[in-house]
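# An overview of the molecular structure
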Amino acid sequence: MACQDCDLLCRKRPLRVGEKARCARCGALLYARKPNSIERTLTLALSALILFVLANAYPLLDFRFQGQTLEISVISGVWELYAREMWVLAAVVFVVSILAPLLKILALLYVLLPLWLDRQPWRMARVFRWIETLHPWAMTEVYLLGVLVAYVKLSDIATIVPGVALYAFAMLIVAMAATDATLEPETIWECLETQR
Amino acid sequence: MNRVPPLSAARAALVRCHACHLLSRMQAPPPGGRVLCPRCGAALHQRKPDSLARAWALTLTACILYIPANTLPIMTVVSMGYGEPSTILSGVQTLIVAGMWPLALVVFIASVAVPVLKLLALIYLLVSVRRKSRWRPRDRTVLYRITESVGRWSMVDVFMIAILAALVKLGSIATIEPGAGALAFAAVVVFTMLAAMSFDPRLIWDAMENPDER
Ligand SMILES: [Zn+2]
Ligand SMILES: [Zn+2]
């Protein structure tokens, strides 16, 4: 195999569970062996999907000011930008905070569920390639930091109560990071090779 | 001990699939066609196509957009009929004046330090590859990896505006109007991310392998 960052040829050797192989020239992480990768990633992706639904169905923040209450959710922020004819900005926020994370979770489930049942999903190679493309555009963790900044900025002019979605969002970030950590792309691609 | 000279896949006439990482033998493409990966069907390229030209174009676009991103207001807080436009820098300043130091630091790093350093890093990497620099390739690869992974954090301000914009229904007290600066700023983040993606770090190492070419 060859290193993705410097193109050095490396001999692939079997690793023990928990070991990682790094490039001898530039230090890039080449591949790793993780215990029960497919099963664990599948469980984590399923929990991520549930948390994603919760994070988008409930309000993030309850804003209380002089007897008025306003619930802010992920989609209401996008909707207000769109309503003010800032539709490009609304589209960017929609894609990186809602669409890309959702598609990434769904694509993972689509590939992993059949593999776990020893079946080959239809067009697996194409769907699995999307996951890598979507990865940099799913900015869930950055979005949460943006919410926290807004929270602190507003906290001295009004009472703000964190909503259910805020907690779901925090857990979603943990679940998505864990999914990335347990996923072993090399194993998935080898499944494709052996089943052809 | 004999040192085996490092051999890259390119020199061994092999090509690595960018999607599934399979190594396969380099082939001449059929006329008008492309060579596809035997395992996953992605188009095979020795290096990312037009890496330098694309990365330069995207980086320069981001540099130009960086000017309106900082001079135009990212939002205007209208309260009691009086509007107060704020730019990215004045937003940081307001936080410092209000004594919110940790928050000011977070916003400063995400919205000012990261975009500037990212643009400088991209320009430096592009210039060093063009000049076939042989200086500390490993450190330059690490610089590339950091540049690629850290840029997303600059979106914090854009997301904050999206949250504040949702407060429109409290119109009697104050409204927050997102400004054109926010759009320019989001565009800077997107274009620098695209630039980092189109840059191929293997070009850094290609200069190391042809000592006689220099
Ligand atoms: Zn390497
Ligand atoms: Zn492939």
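Residues numbered from 1 in each chain as written. Chains lettered and ligands numbered in written order. Predicted model: local features only at pLDDT ≥ 70, side-chain atom pairs only at ≥ 80, totals over all residues. Heavy atoms only, no water.

## Quick word on the overall build of chain A
When you go through chain A residue by residue, the secondary structure sums to seven helices and five strands. With respect to the three principal axes, the spread of C-alpha positions in chain A is 65 × 40 × 30 Å. Of all intrachain contacts in chain A linking residues separated by at least 6 positions in sequence, the fraction that spans at least 24 positions is 63%. Surface summary for chain A: the accessible area is close to 9700 Å², and the carbon and sulfur share equals 62%. (Helix = DSSP H or I, 4+ residues; strand = E, 2+ residues; numbered from the N terminus. Contact = heavy atoms within 4.5 Å. Areas by Shrake-Rupley, 256 points an atom, 1.4 Å probe, with all protein chains shown as cover.)

## Points about the coordination of the zinc ion (ligand 1)
Residue and element names in this part refer to chain A. Coordination of the zinc ion (ligand 1) by the protein is provided by Cys3 (SG), Cys6 (SG), Cys23 (SG) and Cys26 (SG), with metal-donor distances spanning 2.2 to 2.4 Å. Considering all four donor atoms around the zinc ion (ligand 1), angles at the metal cover 103 to 114° and the coordination shape is tetrahedral. Residue classification places Cys23 among the buried positions, given a relative accessible area of 4%. (Donors = N, O, S within 2.8 Å, 3.2 Å for Na, K, Ca; no water. Tetrahedral: all angles 85-135°; square planar, octahedral: opposite > 155°, others 65-115°. Buried < 20%, exposed > 50% of the residue type's maximum accessible area, 1.4 Å probe, protein only.)

## Section: the domain arrangement of chain A
Residues and elements named next belong to chain A. Domain assignment breaks chain A into domain 1 (1–33) and domain 2 (35–194). With centres defined by C-alpha atoms, the gap from domain 1 to domain 2 works out at 30 Å. By the criterion of area lost to domain 2, the three top residues of domain 1 are Lys12, Val17 and Arg33, representing 63% of everything that side buries. The interface formed by domain 1 and domain 2 holds two salt bridges in total. In this structure, Lys12 engages Glu186 in a salt bridge whose closest nitrogen and oxygen atoms are separated by 3.4 Å. (Domains from an automatic or database assignment. Buried area = accessible area lost by both parts, 1.4 Å probe. Salt bridge = Lys/Arg side-chain N within 4 Å of Asp/Glu carboxyl O.)

## What about the coordination of the zinc ion (ligand 2)?
Residues and elements named next belong to chain B. Taken together, the protein donors to the zinc ion (ligand 2) comprise Cys17 (SG), Cys20 (SG), Cys37 (SG) and Cys40 (SG), at separations of 2.2 to 2.4 Å. Taken together, the four donor atoms coordinating the zinc ion (ligand 2) and their angles of 104 to 116° define a geometry best described as tetrahedral. Spacing between the donor residues of the zinc ion (ligand 2) along the chain follows C-x2-C-x16-C-x2-C. Placement of the pair is Cys20 in the loop between strand S1 (14–16) and strand S2 (23–25) and Cys37 in the loop between S2 and helix H1 (51–71), with a sequence separation of 17 residues. The exposure class assigned to Cys20 is buried, which follows from its relative accessible area of 0%.

## Describing the packing of helix H2 (residues 88–97) of chain B against helix H3 (residues 101–130) of chain B
Residues and elements named next belong to chain B. Where H2 meets H3, the closest approach of the two axes is 8 Å, and the angle between their N-to-C directions is 165°. The angle between H2 and H3 falls in the class roughly antiparallel. Here H2 and H3 pass one another in a crossing that is left-handed. Counting all contacts with H2, which are made through Ile88, Leu89, Val92, Leu95 and Ile96, the residues of H3 involved are Trp101, Leu103, Ala104, Val107, Phe108, Ser111 and Val112. (Axes fitted to C-alpha atoms, helices over the stretch in contact; angles between N-to-C directions. Parallel < 35°, antiparallel > 145°, perpendicular 65-115°, else oblique. Left-handed = near helix turned anticlockwise from the far one by under 90°.)

## Looking at unusual backbone geometry
Even without glycine at this site, Asp7(A) takes up a positive phi of about 70°. Within the fold, Asp7(A) resides in the segment before strand S1 (20–22). Located in the positive-phi region is Asp50(B), a residue other than glycine, with phi close to 50°. A relative accessible area of 54% means that Asp50(B) is categorised as exposed.

## Some details on the nonpolar core
Counting 107 residues, the largest nonpolar core has Leu60(A), Tyr143(A), Ile188(A), Cys40(B) and Met155(B) as the members making the most contacts within it. Among the elements that take part in this core, helix H3 (residues 87–116) of chain A stands out by supplying 14 residues, more than any other. Non-local contacts of Leu60(A), meaning those with residues more than four positions away in its chain, are made with Ile72(A), Ser73(A), Val74(A), Tyr143(A), Val147(A), Val161(A), Pro162(A), Gly163(A), Ala165(A), Leu166(A), Phe169(A) and Ile163(B). (Core = buried A, V, L, I, M, F, W, Y, C linked by side-chain atoms within 4.5 Å.)

## A word on the interface of chain A and chain B
Facing the 59 residues of chain A at the interface are 63 residues of chain B. Around 5500 Å² of area is buried between chain A and chain B when both sides are counted, 70% of it from carbon and sulfur atoms. Per-residue buried area on chain A facing chain B is highest for Asp7(A), Arg25(A) and Arg84(A); these three make up 12% of the total on that side. Linking chain A with chain B are four salt bridges, by the criterion used here.

## So, the sheet that holds strand S5 (residues 159–162) of chain A
All names here are of chain A. The strand order S4-S3-S5 describes an open sheet built from three strands, whose pairing is antiparallel. Edge positions in the open sheet fall to strand S4 (68–72) and S5, since each of these has one partner strand only. If you compare each strand with its neighbour and ignore which way they point, the axes differ by 20° on average. As paired elements, strand S3 (residues 61–65) and S5 share four bridges and run antiparallel to each other. Bridge pairing in S5 links Arg64 to Thr159. (Pairing = 2+ DSSP bridges.)

## Digging into the domain arrangement of chain B
According to the domain assignment, chain B contains domain 1 (1–46) and domain 2 (50–206). Each of domain 1 of chain B and domain 2 of chain B was reduced to a C-alpha centroid, and the two centroids are 35 Å apart.

## Let's talk about a nonpolar patch on the surface
On the surface, Trp79(A), Tyr82(A), Trp87(A), Val88(A) and Leu183(B) cluster together into a nonpolar patch covering about 560 Å² of accessible area. Contributions of two or more residues to the nonpolar patch are made by helix H2 (74–83) and H3 of chain A. Take Trp87(A): it is sitting in helix H3. (Patch = residues over 30% accessible without salt bridge, like charges linked within 9 Å, V, L, I, M, F, W, Y side chains within 5 Å.)

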